[in-house]
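So you can see what is in the structure, the chains are spelled out below.
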Amino acid sequence: MAKSSPLHLCHVQSSACIINRSHMILHSTALMALIYYRASCFFNDAKSYSTSTVAILAWFLVFASELLLSFIWTLGQAFRWRPTTRTVFPESLPEDTELPAIDVLICTTDPEKEPTMEVMNTVLSAMALDYPAEKLNVYLSDDGGSSLTLYAMREAGAFASSWVPFCKDYNVKTRYPEGYFTAPKEDDSDIRGIEFREARQKVQEKYNVFEEGVERAMEKGRTEESRRTNAQGQPALIEVIQENTVSKDGVCMPRLVYVSREKSLSHPHHFKAGALNVLLRVSGMMSNSPYVLVLDCDMYCSDPTSARQAMCFHLDRSLSPSLSFVQFPQKFRNISKNDIYDSRLRNFFTTQWHGMDGLRGPILSGTCFYMRREALYGSPPIQSRKRLYADIMEHRDTFGPSDEFIKSICGNCKCSEINEDDCKKTVIEEARSLASCTYEEHTKWGEKVGFLYYSVVEDYFTGFNLHCEGWNSVYCDPTSPAFLGSGTTNLNDMLIQVRRWSAGLVDVGISRFCPIIYGSLRMSLLQSMCYAEVALFPLYCLPVWCFATIPQLCLLNGISLYPKVSDLWFIIFSFIFVSSITKHLFEVLLAGGSFKTWRNEQRLWMMKSVTCHLYGSIDAIMKKIGIKETSFIPTNKVTDEEQIKRYEMGVFDFQTSNRLLLPLVTLAILNMICFVGGIVRVIKDGIWDEMFVQVFLSFFGLLMNYPIIEGMVLRKDKGCIRPYVTVLSVVCAVMFLAVGSTVLKV
């Protein structure tokens, strides 16, 4: 009997494994030698550095920073142990009639920060996926309760009746209108003939009318049916915009549903995780598809075959019993070639996630993933379906008081087809109750069921919990981007976004759920190391702050913290530095980057460490001790023409808060002073041999952060560093050096 064609293949990157493991051995050997050197000096020769106790403390702080760097580096090597790539074969999938249904869950919050037409393009691209329309259901959560978003959804539903058939009739590749109509040559209109050109022209005219209508509504601030949100919150609203019906062209249309959950000032809303859980319940009541696709509001479906690619894994019997989700990489349509803000997140999506895929699968990444609905209902994969459903009926305190929703979980809901008149009103009313702000009270939602509320990074913690329960995941990184979003293109938005991520990650890292402890008891050691590296990565802020201040202060005061150039131990320090730099450069070049990419990533690592990683870590600690509550600031998606122009030119825009900018400028000024003062001192005292490493550290920091110096001294445009910030930074730097020098002389 002939074997059936495989749905996918997994390839272990053998050459990368050899290179990575060889580097691990060499680099870790050098690190152990460094630790031995520091420990032996500390216990035996501490007096040779200085008789001052404070000077010994400075030396010890550097040693502690080296230990922390080494620890986080060791955790990160788990990503590089067994990197893999995967190939899918959608042509081997069963017939369309046998494919499972999919619910698409999209979240938006604020039309002021998330342009409405971008959100609608995401909705339209999801409706036009290359998948049986009768098995596709698209839900949009409008957390802001905006009348503009509701109006745009109605108009998008009307336009979809022309757009979806057009895409499927002519096999259009780019299925978000904004991208398609700005790149007309992509689909070879000259070759397709006059019929195609006429159809394309008609659809484009309808899109222009749709776009103009939304713009007018936005300008006038009114719509056909305005919704008002009073000071006490907003009521729940669920509206079926488009049902699974056949269009006038004979094409079946996907279901389209608008959801605005109830909000009240007296009840917590749990940000994005809360919105997703409402969508999970509402979609479970209305369509109850076994799989859900989660998308951010700006993440267009660039490749319409992504659903079929995901099903190549979910329908594989060797994987499916324990496969929770298929994660696609986040890729961005608005990133310049230079990418000065490291918005591509290359390290995550081209290095680390491939490495985790060789273990038990990548971390859940917030968007662009196809999730098995059952995995979110809190059941381990080894638990039998029959027993789970028997337990569900007996434990309403887990899923809430809705009997109809519990029936949908059991697969016994007879009213899931909402286009039946006798069930429609009942289902809508039940779904509205599922979207109320009180439904989750005294239940396990956000604790054990759905997307978890423990941390503001709900994706990370939910994925971590799934892996701890025994579920696996898969990373699918096709050549053609499956999804395209909009990355941050200015310094302010980038720092705010990363600060939120850092706060959530450190919140988990310093809790009882610390992956290296909690995770290692429930998953493989390598997998727990990966999760721990991500959670503790923001703590890089501590050694970076140390290396940006202590060696420079000691340089200015003639205190050596490193071995002499003529000492054999100098080779160990040099090797560790060169090894780290070259390995990073190698990974960047292997991913298709350039020397500029490497430089930008190094620069942004330093900038993030001294600003948003620091503030995010402080936020997490303050939350732990009850001083500060969790906050969630959505990433701004609105673009500014002047900022975009500077970004494309590779020029930093320093229009951000003084609180975020002050540490950057202060450290740059401090290093400038210490570098100049240190050069004068070593020349005067003839101590180049002892002070070379500290001089080099100061010079390297200045070189990598040249844009800050340029923004202070050379630039006068709107994006330069404000004189007030520069003056305040000079004062802070001088005060630190004055106090530090006084203390070192004690």
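Residues numbered from 1 in each chain as written. Predicted model: local features only at pLDDT ≥ 70, side-chain atom pairs only at ≥ 80, totals over all residues. Heavy atoms only, no water.

## A closer look at the overall build of the protein
Phase 1: Looking only at helices and strands, one finds 26 helices and 15 strands in the protein.
Phase 2: Scaling as 2.2 N^0.38, a compact globule of 746 residues should have a C-alpha radius of gyration of about 27 Å, and the protein matches this with 28 Å.
Phase 3: Counting the 746 residues in the protein, one finds 58% classified as buried.
Phase 4: Per element, the accessible surface of the protein, about 31,900 Å² overall, is 59% carbon and sulfur.
Phase 5: Averaging the positions of the 75 positive and the 79 negative side-chain charges in the protein gives two centres separated by 5 Å. (Helix = DSSP H or I, 4+ residues; strand = E, 2+ residues; numbered from the N terminus. Rg over C-alpha atoms; globule rule 2.2 N^0.38 Å. Buried < 20%, exposed > 50% of the residue type's maximum accessible area, 1.4 Å probe, protein only. Areas by Shrake-Rupley, 256 points an atom, 1.4 Å probe, with all protein chains shown as cover. Lys, Arg positive; Asp, Glu negative; His and termini not counted. Charge placed at Lys NZ, Arg CZ, Asp CG, Glu CD.)

## Concerning the side chain of Asn-20
Phase 1: For Asn-20, the location among the structural elements is in helix α1 (residues 14-44).
Phase 2: Asn-20 sits in the buried class, given a relative accessible area of 7%.
Phase 3: Only 3.0 Å separates the side chain of Asn-20 from the side chain of Lys-583, close enough to count as a polar contact.
Phase 4: Among residues more than four places away in sequence, those in contact with Asn-20 are Arg-80, Pro-83 and Lys-583. (Polar contact = N/O pair within 3.5 Å; in protein donor to acceptor, adjacent residues only side chain to side chain. Contact = heavy atoms within 4.5 Å.)

## Some remarks on the nonpolar core
Phase 1: Ile-102, Trp-163 and Phe-483 are the most contacted members of the largest nonpolar core, which totals 125 residues.
Phase 2: In terms of residue count, helix α4 (residues 147-169) provides more of this core than any other element does, twelve residues in total.
Phase 3: Beyond its immediate sequence surroundings of up to four residues, Ile-102 is in contact with Tyr-131, Lys-135, Leu-136, Asn-137, Ser-289, Tyr-291, Leu-293, Ala-307, Met-311 and Tyr-370.
Phase 4: With 43 residues, the next largest nonpolar core counts Met-371, Cys-410, Ala-431 and Trp-445 among its residues. (Core = buried A, V, L, I, M, F, W, Y, C linked by side-chain atoms within 4.5 Å.)

## Side note on the sheet that holds strand β3 (residues 102-108)
Phase 1: On the basis of which strands lie adjacent, the open sheet formed by eight strands has the order β6-β7-β4-β3-β9-β13-β11-β14 and mixed pairing. Of all strands in the sheet, those bounded by a partner on one side alone are β6 (237-242) and β14 (472-475). Averaged over all pairs of adjacent strands, the angle between their axes in this sheet comes to 20°, without regard to strand direction.
Phase 2: Against the sheet, helix α9 (residues 306-314) engages β3, β9 (291-296), β11 (323-327), β13 (369-372) and β14, with an angle of about 145° to β11. (Pairing = 2+ DSSP bridges. Axes fitted to C-alpha atoms, helices over the stretch in contact; angles between N-to-C directions.)

## Notes on the sheet that holds strand β10 (residues 300-301)
Phase 1: In spatial order, the strands read β10-β15-β12; together these three strands make up an open sheet with mixed pairing. If you trace the sheet from one side to the other, it starts and ends with β10 and β12 (331-332), each paired once.
Phase 2: Of the strand pairs in this sheet, β12 and strand β15 (residues 483-485) are connected by two bridges, and their pairing is parallel. Along β15, the bridge assignment pairs Lys-331 with Leu-484.

## Observations concerning helix α24 (residues 688-704)
Phase 1: If you check α24, its first and last C-alpha atoms are 22 Å apart, about what 17 residues at 1.5 Å a residue would give, namely 24 Å.
Phase 2: At Gln-694, α24 shows its maximal bend, which comes to roughly 30°.
Phase 3: Residues Met-691, Val-693, Gln-694, Val-695, Ser-698, Phe-700, Gly-701, Leu-702 and Met-704 constitute the buried set of α24.
Phase 4: As for α24, its buried residues are in contact with α18 (541-556), α19 (569-590), α20 (595-610), α23 (658-685) and α25 (706-713). (Expected span 1.5 Å × (residues − 1). Bend = angle between axes of the 7 residues up to and from the residue.)

## Topic: the packing of aromatic side chains
Phase 1: Going through the model one piece at a time under the given rule, you end up with 50 aromatic pairs.
Phase 2: Ring geometry for Phe-405 against Trp-445: centres 6.0 Å apart, planes inclined by 40°, an arrangement best described as tilted. Note that Phe-405 is positioned in helix α13 (residues 403-410) and Trp-445 in the loop between α14 (421-434) and α15 (458-468), a separation of 40 residues in sequence.
Phase 3: Exposure remark for Trp-445: the relative accessible area of 4% places this residue in the buried category.
Phase 4: Measuring from ring centre to ring centre gives 6.1 Å for Phe-570 and Phe-692, while their planes differ by 65°; the resulting arrangement is edge-to-face. Here the residue Phe-570 occupies a position in helix α19, and Phe-692 occupies one in helix α24, the gap between them amounting to 122 residues.
Phase 5: On the basis of relative accessible area, Phe-570 is assigned to the buried category, the value being 16%.
Phase 6: Taken together, the ring pairs in this structure connect Phe-159, Trp-163, Phe-166, Tyr-170, Tyr-180, Phe-181, Phe-196, Tyr-207 and Phe-210 into an aromatic cluster.
Phase 7: Across from the ring centre of Trp-81, 3.9 Å away, lies the NZ or CZ of Arg-21, which sits over that ring.
Phase 8: In this structure, Arg-659 packs its charged tip against the face of Tyr-615, placed 4.9 Å from the ring centre. (Phe/Tyr/Trp six-rings, centres within 6.5 Å; stacked < 30°, edge-to-face > 60°. Lys NZ or Arg CZ within 6 Å of the ring centre and 35° of its normal.)

## A look at the packing of α24 against α25
Phase 1: Axis separation between α24 and α25 bottoms out at 4 Å; the angle between their running directions is 65°. Of the possible angle classes, the one that applies to α24 and α25 is roughly perpendicular. Note on element contacts: α25 touches α24 through Tyr-706, Pro-707 and Ile-709, opposite Leu-702, Leu-703 and Met-704. (Parallel < 35°, antiparallel > 145°, perpendicular 65-115°, else oblique.)

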